[in-house]
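# Structural overview
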Amino acid sequence: MQVALTGATGFLGLRLLRRLLDTHRSLTVLAHTGSGNALHRITQFFEVTGAPAAFTAELPGRLRVVETDLALPRLGLSERTFQELADGIGAIWHSAGSINLEGNLPELRRTNVEGTRHVLELAAASRLRPRVHHVSTAFVAGARREGVAYEDELEDVCGFENAYERSKYEAELLVHAWSREHGRPALILRPSILVTDLPPHPALPSHPLLVIERVLREALRAAGPERDGGVSPSAPGSHPGPGPHGRVLRGHTPAARPRVRMVGHPHGRLNLLQVEHAAEVMVRLAGRTPSGGVDTYHVVHDRDVPVPTVVALLERLVPLSIELVADKPGTLSALEALLDFYPGMTAYLAHRRRFDDTRVRSRLGISAASAPVGLDYLWSGLAPHTLPLPGPPDPPAAASPTARCA
């Protein structure tokens, strides 16, 4: 059975590709037109991550790369080429998409919604009736910040934290409608925030959390001398010097660490899962007998990461002192005003909800459990290993937040 995979050069897609190559002799990679040599980038990834030389040498013979544009009808292909592609596919994995938390809705719909629509059209056109494996996100649960999110839930009662979440929600609706219309099974996989402990490397896709570091650093530069709004370097929680082991963050001198207040919950939690484990679980779930309709699974960690740990990570990455507060301050510092342009990203610090994964655990048992994800693991995947590991910052200050949509 020939398997087609979108997003094969992405953070998750490369790990899915590795797992699928364990069980399939060859794969069709649907690469974005004009994005560069997909085969070269895939080969680089395997070389950097220590794959055997014999394995990488076989890749040109095992991977067929077809350049497509998911945002266009027929994937941007001619009618004949599109039909030939469809008729040669026995299963489709759709992992391509934009994860831009600050993107506008029309842009994200073009990539995440219309891209899904056109992949489903490819599946519908195939005489082989391929099963669709759609990679969504656990964050289609939206802006409900407390309680439990279940796998069968798909609603927008609380709205969404950002346009990304809404676009993935709308894409899931398309998968359900397609399954009903064609009487075909489909698999929806909802991972949480995916992370790795592999250090940054030019040949590796960017770690999803690095975008937060970039935003914080850009805000620091743009705010300039007035960035801390008059907060003293010696104010509580401002961390004016190096850590307890005498080490300084990423070459920064022990100068003032401007304070920034972010809305968050001191007992909040986020679900972060190792990307390698997520890919393994997804491929194993795809091997289960389908129900005939849409089977949805939360691919999440069995233990959430406390929000204070996430705050500590951000403080290691960027010379800031982050204070969790219950509500948005009435008067913002220059730095806080700049960060206020990115509410769809920082909103997660207020989350206390849990993702139910009973269905996954009932299918896969104890093997669905993950190794712990802690501060040192997260730091390993974000910090260049040529630099010393800084000491942990002081615990973030916090206030009791008000109730959120539950």
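Just so it is clear, the structure is predicted and the values come from calculations on it, not from any experiment. (Residues numbered from 1 in each chain as written. Predicted model: local features only at pLDDT ≥ 70, side-chain atom pairs only at ≥ 80, totals over all residues. Heavy atoms only, no water.)

### Remarks on the overall build of the protein
Heads up, the rule is: By the criteria applied, helices consist of DSSP H or I runs no shorter than four residues and strands consist of E runs no shorter than two, each listed in order from the N terminus. Whether two residues are in contact is decided by their heavy atoms, any of which lying within 4.5 Å being enough. Values of accessible area rely on a 1.4 Å probe in the Shrake-Rupley scheme; residue burial ignores everything except the protein chains shown.
Counting its regular elements, the protein contains 13 helices and 15 strands. The long-range fraction of contacts in the protein, counting pairs at least 24 apart against all pairs at least 6 apart in sequence, stands at 84%. Carbon and sulfur atoms make up 53% of the accessible area of the protein, which amounts to about 17,300 Å² in all.

### As for unusual backbone geometry
Here is the rule we go by: We call a residue buried when its accessible area falls under 20% of the maximum for its residue type, exposed when it is over 50%, and partly exposed in between, using a 1.4 Å probe and counting protein chains only.
Look at R74: it is not a glycine, yet its phi comes out positive at around 55°. As for its position among the elements, R74 is in the loop between β3 (63–68) and α4 (79–87). The phi torsion at L75 lies on the positive side, around 60°, for a residue other than glycine. Here L75 lies in the loop between β3 and α4. You can call L75 buried: its relative accessible area is 1%.

### Considerations on the sheet that holds strand β2 (residues 27–32)
Heads up, the rule is: Each pair of strands is called paired provided DSSP finds at least two bridges between the two strands. Between N-to-C directions, angles cover 0 to 180 degrees, with each direction set by a line fitted to C-alpha atoms, over the stretch in contact for helices.
Spatially, seven strands are ordered β3-β2-β1-β4-β5-β7-β12 in an open sheet, and the strand pairing comes out parallel. Unpaired on one side and paired on the other, β3 and β12 (294–299) mark the two borders of the sheet. Within this sheet the neighbouring strands show an average axis-to-axis angle of 20°, counted without direction. Looking at chain direction, strand β5 (residues 131–135) and strand β7 (residues 186–191) are connected through four bridges and run parallel.

### Things to note about the packing of aromatic side chains
The description of an aromatic ring pair rests on the distance of the ring centres and on the angle between the ring planes. Put simply, the rule reads: For Phe, Tyr and Trp, where Trp contributes only its six-membered ring, two rings pair if their centres lie within 6.5 Å, and the inter-plane angle classes them as stacked under 30 degrees, edge-to-face over 60, or tilted in between.
This structure, assessed with the given rule, holds five aromatic pairs. Arranged with centres 5.3 Å apart and planes meeting at 70°, the rings of F45 and F46 form a pair that is edge-to-face. Judged by relative accessible area, which is 4%, F45 ranks as buried. Between F160 and Y169, the ring centres sit 5.1 Å apart and the planes meet at 45°, which makes this aromatic pair tilted. One aromatic cluster is present, formed by F45, F46 and F55 through successive ring pairs.

### Brief notes about the environment of A171
For A171, the position within the fold is in helix α6 (residues 163–182). Remark: the alpha-carbon pair of A171 and T116, spanning 55 residues in sequence, is separated by 6.2 Å.

### Digging into the packing of helix α1 (residues 13–23) against helix α8 (residues 275–286)
Using the following cut-off: In what follows, roughly perpendicular refers to angles from 65 to 115 degrees, roughly parallel to angles under 35, roughly antiparallel to angles over 145, and oblique to any angle outside these ranges. Note: crossing handedness is left-handed where the near helix turns anticlockwise from the far helix by less than a right angle, and right-handed where it turns clockwise. All residues other than Ala, Val, Leu, Ile, Met, Phe, Trp, Tyr, Cys, Pro, Asp, Glu, Lys and Arg, Gly among them, are scored as polar; the first ten of these are nonpolar and the last four charged.
The N-to-C vectors of α1 and α8 enclose an angle of 45°; their axes lie 9 Å apart at closest approach. The orientation of α1 with respect to α8, classified from their angle, is oblique. The handedness of the crossing between α1 and α8 comes out as right-handed. Contacts from R15, L16, R19 and L20 of α1 reach α8 at V275, E276, A279, E280, M282 and V283. Among the residues making up the contact of α1 with α8, the classes are represented as six nonpolar, no polar and four charged.

### Observations regarding the confidence of the model for the protein
Our working definition: As a per-residue measure, pLDDT reflects the predictor's confidence and takes values from 0 up to 100.
Confidence in the prediction for the protein averages 87 pLDDT; 86% of positions are at 70 or higher. For the stretch residues 229–254, pLDDT sits under 50, and the model shows 47 contacts to residues farther than four places along the chain or on other chains. Here residues 386–403 is a poorly scored stretch, pLDDT under 50, and it has 44 contacts once near neighbours within four places are set aside; other chains count.

### Overview of the pattern of salt bridges
Between side chains of opposite charge, a pair can form when the charged atoms approach closely. Which entries qualify depends on this criterion: Take a side-chain nitrogen of Lys or Arg and a carboxyl oxygen of Asp or Glu: if they are within 4 Å of each other, that pair is a salt bridge.
In the structure shown here, the tally under the stated rule is 20 salt bridges. Its salt-bridge partner being E213, residue R217 comes within 3.1 Å of it at the nearest N-O pair. Placement of both R217 and E213 in helix α7 (residues 210–223) is noted, with a separation of four residues, approximately one turn of the helix. With a relative accessible area of 7%, E213 lands in the buried category.

### Section: the pairing of β7
Counting buried positions over the six residues of β7 gives six, a clear majority of the element. Neither face of β7 is left uncovered, since the one carrying A186, I188 and R190 and the one carrying L187, L189 and P191 both have all their residues buried. One ladder, built from six bridges, connects β7 with β12; its direction is parallel. Looking at β12, one finds that L187 is bridged to D295.

### Side note on helix α3 (residues 53–62)
Rules: Here the arc refers to the directions that run from the helix axis out to each C-beta atom.
Residues of α3 that are buried: F55, T56, L59 and R62. All buried residues of α3 fall inside an arc of 110° around its axis, so they share one side. For α3, exposure combined with an orientation more than 90 degrees from the buried face picks out A53, A54, A57 and G61. Against α1, β2, α2 (38–48) and β3 lie the buried residues of α3.

### With respect to the packing of α2 against α3
Close contact between α2 and α3 brings their axes to 10 Å; oriented N to C, the two are set at 165°. Accordingly, the angle class assigned to the pair α2 and α3 is roughly antiparallel. α3 is crossed by α2, and the crossing has right-handed handedness. Residues L39, I42, T43, F46 and E47 of α2 pack against F55, T56, L59 and P60 of α3.

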